[in-house]
Amino acid sequence: MRVAWWVLAAIVFGLTLAIRIRLLGVPLERDEGEYAYAGQLMLQGIPPYKLAYNMKFPGTYAAYALIMSIFGQTITGIHLGLLLVNAATVALVFLLGRKLMNSTAGIAAAASYAVLSVSPSVLGFAGHATHFVMLPVIGGTLLLFNNSDRQTFGRLFASGLLFGVGLLMKQPAVFFILFGAIYLVSKDVHRGFKLKGVLLRSLIFSTGVILPFGITCLVLSHAGVFKQFWFWTIDYASQYGSLVPLTQAPQIFFHSVMEVIGPGWTLWLLAAIGGVAGWWDQQRRASTVFLLGFLLFSALALCPGFYFRYHYFIFVLPAVSLLVGVAISELSGLLAGRMTAVRFVPVLLLGAALSLPVLWDKKFFFEASPVEACPEAPFWESVRIAEYVRDHTSPNDTIAVLGSEPQIYFYSQRHSTTGYIYTYGLMEPQKYAQQMQQEMIREIEHGRPKYLISVVMKDSWLQRPQSDRLIFTWANEYTAQNYSVAGFVNMVTPDRTEYYFGSIPQSVPHLGNYILIYERKS
């Protein structure tokens, strides 16, 4: 049986690895473009929040910078780094499952995570911050969980340190820190530790948690960007997190969760069975309670802002996968004394459950080219636009994008004149929106970019009826006075894009979403 489990593991891991290798060339989407551009700036010695504003903590920027320093500043290099991050997370899920239960549970959990985390239902092929959160969080959880009555201070500190690194990747990781702290205190109290011992161990864990954030604040302060860091990650982030009314949250959540579960419903069902079966098994109850608590706080990490975007659900995949491991382990235990053919049932059941989501998305996994696998426009178009801009500028020239397409800055290897690499905040009904528009206008007028790229598509702005239109009125006047059209990209349909560089037609038969590339007049 041990051989059978390891054969299944080898097949699943080999298959998911092959899928990720095949999709290494999928163009970056917006979040990846933001991380790549900020990481590129860091490699040039430019700190976060100086030339690129965003509300996320800078950990993922540093992770991208590290990846690109090893594998190069390319799409393939970034996705190769993601592949390694995912593989490391899969390995840690196995180790945690084995520590909580046994090797069978560890293999089942790791295989489940490998399949669920590559699914397009969670945008698993893209290097979102959620992947980078879960790697240190699972590592910290592995160090924190201990069945013995002894746990060294160094282990507690290292666990806290890893949770703190997870927080630097994205703010919702604070819920995993809360989980770790609550588990540590409750476990110490249950073991009969005195108050002094409980407080000391909690202090050591908390010191590890705080240290990465404290060092980051000191570094950003020394770099002269702490004010911008605080505004974007705290002040503006609090505004962004309050835009969606609580009354809309259930509808958004259920729509997202149904899309995320999709063809992987068999694995989610096994996870539910694992939660119930583990609870009823007295020997597994403590481990199951631990996992149910981990699932609860993973779910809470989804909730800030009530946006429930698909890639946010990567937060819950480790807990779900580990509960799958509980279900398979329990079934294997029930059938342990039966004939060999019957004992193979858990292996076959898990294999079938893992096969369903892979077969459902087989066209995406095995047939689609990197361009066809690209989620939406203008991600592939951004590559062509950036090539044109790079070929017609010098490294010292700056550009500006009117829209939320930071990947263009990364591909072109040109600095932005403005820190507003996203324009969503300018359209939102929040108190800083008009201030942001005015600041973006000032930065562009002061910087006088050689090329100004205007993205005319809804997804790049998310304009609302109540949005201030100052930026659009200004842009029309400013481009007319100072720029001439040098390029036009017409995205007629999802699979048809027309490119015009140099010679711009007066009209086109069919106008879809489009992008205008303006060159500054002499």
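Draft legend 1. How the structure looks around the overall build of the chain. Each helix and strand counted, the chain has 22 helices and six strands in total. The C-alpha atoms of the chain give 25 Å as radius of gyration, which agrees with the globular expectation for 522 residues (24 Å, within 12%). In terms of its C-alpha atoms, the chain occupies a principal-axis envelope of roughly 80 × 55 × 45 Å. Expressed as a percentage of the 522 residues in the chain, the buried residues total 55%.

Draft legend 2. Structural context of the sheet that holds strand β2 (residues 415-416). Taken in spatial order, the six strands line up as β2-β1-β3-β6-β4-β5 in an open sheet, and their pairing is mixed. Each edge of the sheet is formed by a strand with only one pairing partner; in this case those strands are β2 and β5 (496-501). Of the strand pairs in this sheet, strand β1 (residues 398-402) and β2 are connected by two bridges, and their pairing is parallel. What sits directly across from Thr398, in β2, is His415. Running over the sheet, helix α21 (residues 433-447) touches β1 and β3 (451-456) and is turned about 150 degrees from β1.

Draft legend 3. A look at helix α16 (residues 345-360). Relative to the 22 Å expected for 16 residues at 1.5 Å per residue, α16 spans 23 Å between its end C-alpha atoms, a close match to the ideal helical length. Within the span of α16, buried status applies to Pro346, Val347, Leu350, Gly351, Ala353, Leu354, Pro357 and Val358.

Draft legend 4. Highlighting the packing of helix α8 (residues 174-190) against helix α9 (residues 195-222). Contact geometry of α8 with α9 gives a least axis separation of 10 Å together with a crossing angle of 160 degrees. For the element pair α8 / α9, the angle class is roughly antiparallel. Pair α8 / α9 crosses with right-handed handedness. On α9, the residues that touch Ile177, Gly180, Ala181, Leu184, Val185, Asp188 and Val189 of α8 are Val198, Arg201, Ser202, Phe205 and Val209.

Draft legend 5. Summary view of the environment of Phe365. Within the secondary structure, Phe365 sits in helix α17 (residues 362-367). Residue contacts for Phe365: discarding those within four places in its chain leaves Ile19, Arg22, Val118, Ser119, Pro120, Pro357 and Val358.

Here is what the cut-offs are and how they apply
- Residues numbered from 1 in each chain as written.
- Predicted model: local features only at pLDDT ≥ 70, side-chain atom pairs only at ≥ 80, totals over all residues.
- Heavy atoms only, no water.
- Helix = DSSP H or I, 4+ residues; strand = E, 2+ residues; numbered from the N terminus.
- Rg over C-alpha atoms; globule rule 2.2 N^0.38 Å.
- Buried < 20%, exposed > 50% of the residue type's maximum accessible area, 1.4 Å probe, protein only.
- Pairing = 2+ DSSP bridges.
- Contact = heavy atoms within 4.5 Å.
- Axes fitted to C-alpha atoms, helices over the stretch in contact; angles between N-to-C directions.
- Expected span 1.5 Å × (residues − 1).
- Parallel < 35°, antiparallel > 145°, perpendicular 65-115°, else oblique.
- Left-handed = near helix turned anticlockwise from the far one by under 90°.

By themselves these figures say nothing about function.
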